[in-house]
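As a plain string of letters, each chain reads:
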Amino acid sequence: MVAETIYCHHGEHESFCVFCYYEGEAALWEKAGEGAARIIAERGRQKSVEGWTPEHDAQHDDGSLAIVAACYALNKMPDYEDYWYAETCEWWPWHPNWDKREKHDRERSLEIAGALIAAELDRLAELRREAKEG
C-alpha cells in the first residue's frame, strides 16, 4: 500500500515537507519546535503515504515499534569509541526487507524514530482507553 513518491508543492523535498505540510501553522513551530514538528510530519507521512493505521499499529503488541524506533535512533551515530553499541542494532525485530536505515541520514533516522515512538504511545493510549471503558 505504498504510494508513489510525493513531492512538496515547490518540488524540493521528496515525500512530506514539514514546511509545506504545516504551511501557515506557525504556532506548531513556536510551541513544539522544529524537531517535534518534523516528527509530527513524519507520523503524518507514515499514515497518509505508507497507510499505517492505528489498527495496524495495534498488532505490534510485542514492543517492536519501540525497538525499531531505538534502532533508528542509534542509526548513523557519531563514531565515538564509547558508542560501540550503536554500530549495529542487533535487536531488529522485523523482516530485513523493512530495515531501511542505511538509506537515511542521521536527522531523517531521528524523525522516523520519533514517529515510531509516537505510534507506540498512541497504541498504549488506546489500550488504556479501552481498559477504562471496558
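Shown above is the structure to which this text applies.
Residues numbered from 1 in each chain as written. Predicted model: local features only at pLDDT ≥ 70, side-chain atom pairs only at ≥ 80, totals over all residues. Heavy atoms only, no water.

*Asks:* Pulling in residues and values, what's your account of helix 3 (residues 34–48)?
*Replies:* If you check helix 3, its first and last C-alpha atoms are 21 Å apart, about what 15 residues at 1.5 Å a residue would give, namely 21 Å. Taken residue by residue, helix 3 has A37, R38, A41, E42, R43, G44, R45 and Q46 as its buried positions. (Helix = DSSP H or I, 4+ residues; strand = E, 2+ residues; numbered from the N terminus. Expected span 1.5 Å × (residues − 1). Buried < 20%, exposed > 50% of the residue type's maximum accessible area, 1.4 Å probe, protein only.)

*Asks:* So, the packing of helix 3 against helix 6 (residues 106–133): which residues are in play, and what are the values?
*Replies:* Taken N-terminus to C-terminus, the directions of helix 3 and helix 6 make an angle of 70°; their axes are 8 Å apart at the nearest point. When the interaxial angle is binned, helix 3 and helix 6 end up roughly perpendicular. Between helix 3 and helix 6 lies a crossing whose hand is right-handed. On the side of helix 3, the interface is formed by R38, I39, E42, R43, R45 and Q46, while helix 6 contributes E107, R108, L110, E111, I112, G114, A115, L116 and A119. In the contact of helix 3 with helix 6, the residues fall into six nonpolar, two polar and seven charged. (Axes fitted to C-alpha atoms, helices over the stretch in contact; angles between N-to-C directions. Parallel < 35°, antiparallel > 145°, perpendicular 65-115°, else oblique. Left-handed = near helix turned anticlockwise from the far one by under 90°. Contact = heavy atoms within 4.5 Å. Nonpolar A, V, L, I, M, F, W, Y, C, P; charged D, E, K, R; others polar.)

*Asks:* Residues and numbers for the side chain of D57, please.
*Replies:* By the element assignment, D57 lies in helix 4 (residues 54–58). With relative accessibility at 5%, the residue D57 sits in the buried group. Apart from the residues lying within four places of it in its own chain, the contact partners of D57 are R43, W52, L65, A119 and R123.

*Asks:* I'd like to hear about the pattern of salt bridges, residue by residue, with values.
*Replies:* A side chain with one charge may pair with a side chain of the opposite charge, provided their charged atoms come close. Scanning the entire structure with this criterion turns up eleven salt bridges. A salt bridge links E107 to R38, with the shortest nitrogen-to-oxygen separation between them at 2.7 Å. Of this pair, E107 sits in helix 6 while R38 sits in helix 3, placing them 69 residues apart in sequence. Across the pair D99 and R101 runs a salt bridge whose closest N-O atoms are separated by 2.5 Å. What makes D99 partly exposed here is its relative accessible area of 29%. Overlapping salt bridges bring together E34, R38, E42, R45, E50, E107, R108 and E111 as one network. (Salt bridge = Lys/Arg side-chain N within 4 Å of Asp/Glu carboxyl O.)

*Asks:* I'd like a rundown of the packing of helix 5 (residues 64–74) against helix 6, residues and numbers included.
*Replies:* Running from N to C, helix 5 and helix 6 cross one another at 165°; their axes reach a closest spacing of 8 Å. The angle between helix 5 and helix 6 places the two elements in the roughly antiparallel class. Read as a crossing pair, helix 5 and helix 6 show a hand that is left-handed. In contact with L65, A66, V68, A69, Y72, A73 and L74 of helix 5, helix 6 contributes R106, S109, L110, I112, A113, L116, I117, A119, E120 and R123. Of the residues that constitute the contact of helix 5 with helix 6, the class distribution is 13 nonpolar, one polar and three charged.

*Asks:* Give a description of the packing of aromatic side chains that names residues and reports values.
*Replies:* Aromatic ring pairs are defined here through the distance separating the ring centres and the angle between the ring planes. Taken as a whole, this structure holds three aromatic pairs when the rule is applied. Ring geometry for W92 and W94: centres 6.1 Å apart, planes at 80°, overall edge-to-face. The class for W92 is buried, based on a relative accessible area of 14%. Feature note: the residues Y72, W92 and W94 constitute an aromatic cluster, connected by ring pairs. (Phe/Tyr/Trp six-rings, centres within 6.5 Å; stacked < 30°, edge-to-face > 60°.)

*Asks:* Any details on helix 6? Residues and values, ideally.
*Replies:* In this model helix 6 runs 41 Å from its N-terminal to its C-terminal C-alpha over 28 residues, within 8% of the 40 Å that 1.5 Å per residue would give. The set of residues buried in helix 6 consists of S109, E111, I112, A113, G114, A115, L116, A119, E120, R123 and A125. The inward-facing, buried residues of helix 6 contact helix 3, helix 4 and helix 5. Among the residues of helix 6, the N-terminal cap falls to D105, whose side-chain oxygen and the backbone nitrogen of E107 are separated by 3.3 Å. (Polar contact = N/O pair within 3.5 Å; in protein donor to acceptor, adjacent residues only side chain to side chain.)

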